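# Fold and geometry: a report
As a plain string of letters, each chain reads:
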Amino acid sequence: MLRKIHLVLLAAAMVFALFMIGCGDEDSVTPTQSGTLVVACTPESQAIPWILDFPGGLSAVGNSDSTFSELETGQYTISWGAVEGWSKVGPVYSTQSLTTGSTITFSCNYTQNGSVTIDPTPEDFDAPWNLSGPNGYTQDGTGATTLTDMMTGDYSLTWETVVGFIAPSPATGTLDEDGSVTFSGTYVDDTGLGTIEIYQSPDGFAGTVWVLQGPQEESGVGNLTLTDMPVGEYSVIWREVEGFISPASPPLVLVSGETIVFNGLYGKDQTYVQVPPASVSIPATFTMGSTLETEIDETEHEVTLTGRFDMAATEVTNGQYVAALQWAYDEGHVTVSDANVLDALDGSTAELLDLESSHCQINFSDGVFSTSYPDRPVVEVSWYGAVAFCDWRSLQEGLERAYDHNTWSCNSDNPYDATGYRLPTEAEWEFASRAGTTTHFSTGDCLESGIEANFYGSAAYLGCSRGSFISRTADAGSYLASNWGLLDMYGNVFEWCNDWYGVYGGDEDDPEGVASGDSRVLRGGYWSSNGSRCRSAARSSSFPYEMNDYYGFRTVKSFN
């Protein structure tokens, strides 16, 4: 076939040449009004056929990139041919005008086709459907079907009505190059009744908090059990409450004689403070590290931060994590195994949260996450789980996420310019922790357990008074804030930072830490740390996949 196309192209070129010089006309010359025409297609690995129409009725054909020089000016039209398994992006025909001395380019882009799967339930049910897609595509059918060699683009599926059943809602999906998209739908017997249970936490909100939408609509506040409800698909809209993150509940299908449950956990929203406050000029220089002879990894050096950032006033709580995690699960950004929550962004399967641990305060059942301790800081979360939370929040707010889940770099190793939420750099954490002070703690050279922080008060810092010890995490924000408005920077839980752990030292602007390593930085100590490990300069680290009952985090966002 290629040989035939090439022969046709050669014949057309010969005819065109005879036309241009005039057969037997010795006085003819190359026209002075001429230009250049380029044909370029992607991917280059495919032989994409085309036909090029010249002014005057002549044509050339080919199947590869080509350049024509000294062509007569005028209008040229190209038409692109079919390639098995591939689809043309954009119009099949294109016309351009060639002017004297100019160059015009006809470009094309072909994408590899994919597949569309239609999967109705019950499995043996020949459910009728209509599929529409790019370039006016439409297809009717019944039952389970997989359509191959489908053009990339947006598709819509409408499930047709069947007597005695409630049809699923219409659905849309995007077919990517060489990919697949699946439309699933459940037909529900509309002759029966079922039960719907709605649970809302915390209690005490005034007015209507939730609205149930579906075959029968209801609204209310708090917990409620609705019996004798018509079967079909239901969803709950949770009202926004100031200071709280609204729950996210996926739609559920009520089947005759069954019960469906909607859980709505309102987590307290994060409060952010500006670091440094407006009263501190930028750039801001501070002394990072210490000169303590007992510490070998706290090399004292001058650090300058050239921009402000917003930092969460408290560590991320179970309630805040659950709210974002439920959204991520419903959006397909995570999966759940028997023991862990796993990442699902960028092809990653990193472990984010250890659900199996007896110390984990987050539960998962029937597609719903919950917690009995919404105000305590989240624990049993890996560095990857902290990073994932940052990206979920960014995606929820329409921001570009800061992290690549293949390389786990933050904004291509430029965290300070990231637009989305992220973990603080080690320098940002210590700067915020010091809150303008030069002492061991922002509270001075001593830290009082039970009033200023949650740590092992019996092992207070050298020369300081002993304090209380509760041997667990405390609710976020239980202790006195620093003069910059930050709480729990010391004790309660270690806080993951963005940086790889490594040797530091030397004056630096906006440090990003070492380029690679085995462990990520942890700062601030935890509920069972001694006073020394809670100091502003104290450094700790752990493998990014480690999860235990004293690793947590707080988030920051560059001030833009």
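First, a word on what this report is: a plain description of the structure on this page. (Residues numbered from 1 in each chain as written. Predicted model: local features only at pLDDT ≥ 70, side-chain atom pairs only at ≥ 80, totals over all residues. Heavy atoms only, no water.)

## Regarding the environment of phenylalanine 469
Looking at the element boundaries, phenylalanine 469 is found in the loop between helix H4 (426-434) and strand E36 (494-500). C-alpha separation for the pair phenylalanine 469 and glycine 257, spaced 212 residues apart in sequence, amounts to 51 Å. When sequence neighbours within four positions are dropped, the list of residues in contact with phenylalanine 469 reads Phe455, Tyr456, Gly457, Trp527 and Ser528. (Helix = DSSP H or I, 4+ residues; strand = E, 2+ residues; numbered from the N terminus. Contact = heavy atoms within 4.5 Å.)

## Describing the state of the cysteines
Cysteine pairs can be covalently joined through their sulfur atoms, and such a bond is termed a disulfide. Counting across every chain of the model gives 2 disulfides. Disulfide partners in the protein, listed by the sequence order of the bonded cysteines, are 1-2, 3-4. Summary of cysteine pairing: cysteine 410 is not part of a disulfide, and the nearest cysteine sulfur, belonging to cysteine 390, is at 8.3 Å. Judged by its relative accessible area of 4%, cysteine 410 is buried. Cysteine 390 supplies the cysteine sulfur nearest to cysteine 497, a cysteine that is in no disulfide, at a spacing of 11 Å. (Disulfide = S-S within 2.5 Å. Buried < 20%, exposed > 50% of the residue type's maximum accessible area, 1.4 Å probe, protein only.)

## Comments concerning the packing of helix H2 (residues 318-330) against helix H3 (residues 383-396)
Helices that pack against each other are described as a pair by the angle of their axes relative to one another and the distance between those axes. Relative orientation of the contacting elements H2 and H3 amounts to 70 degrees, with a least axis distance of 10 Å. In terms of orientation, H2 and H3 fall into the roughly perpendicular class. Between H2 and H3 the crossing geometry is left-handed. Two secondary-structure elements touch here, H2 through Gln320, Tyr321, Ala324, Leu325, Trp327 and Ala328 and H3 through Gly385, Phe389, Trp392, Arg393, Leu395 and Gln396. Residue classes in the contact of H2 with H3 are distributed as 8 nonpolar, 3 polar and 1 charged. (Axes fitted to C-alpha atoms, helices over the stretch in contact; angles between N-to-C directions. Parallel < 35°, antiparallel > 145°, perpendicular 65-115°, else oblique. Left-handed = near helix turned anticlockwise from the far one by under 90°. Nonpolar A, V, L, I, M, F, W, Y, C, P; charged D, E, K, R; others polar.)

## A closer look at the sheet that holds strand E28 (residues 284-288)
A sheet is described by the order of its strands in space; here 3 strands give the open sequence E28-E29-E37, paired in mixed fashion. Of all strands in the sheet, those bounded by a partner on one side alone are E28 and strand E37 (508-509). The sheet contact formed by E28 and strand E29 (residues 301-305) spans 5 bridges and is antiparallel. Following the sheet pairing, phenylalanine 286 is matched in E29 by valine 303. Along the sheet, H4 makes contact with E28 and E29, crossing E28 at roughly 95 degrees. (Pairing = 2+ DSSP bridges.)

## Examining the side chain of asparagine 130
Mapped onto the fold, asparagine 130 is located in strand E10 (residues 128-132). A polar side-chain atom of asparagine 130 sits 2.5 Å from a polar atom in the side chain of aspartate 140. Among all residues touching asparagine 130, those that are not within four sequence positions of it are Thr138, Gln139, Asp140, Ser156, Leu157, Thr158 and Glu160. (Polar contact = N/O pair within 3.5 Å; in protein donor to acceptor, adjacent residues only side chain to side chain.)

## Some points on the sheet that holds strand E1 (residues 34-42)
With mixed pairing, the 4 strands of this open sheet are ordered in space as E4-E1-E8-E6. Two strands in the sheet have a free side with no partner beyond their single neighbour: strand E4 (66-72) and strand E6 (86-88). Across the sheet, the mean angle from the axis of one strand to that of its neighbour is 25 degrees, orientation sign disregarded. Bridge count between E6 and strand E8 (residues 103-112): 3 bridges; the pairing is antiparallel. Among the inter-strand pairings, tryptophan 86 is bridged to a residue of E8, identified as glutamine 112.

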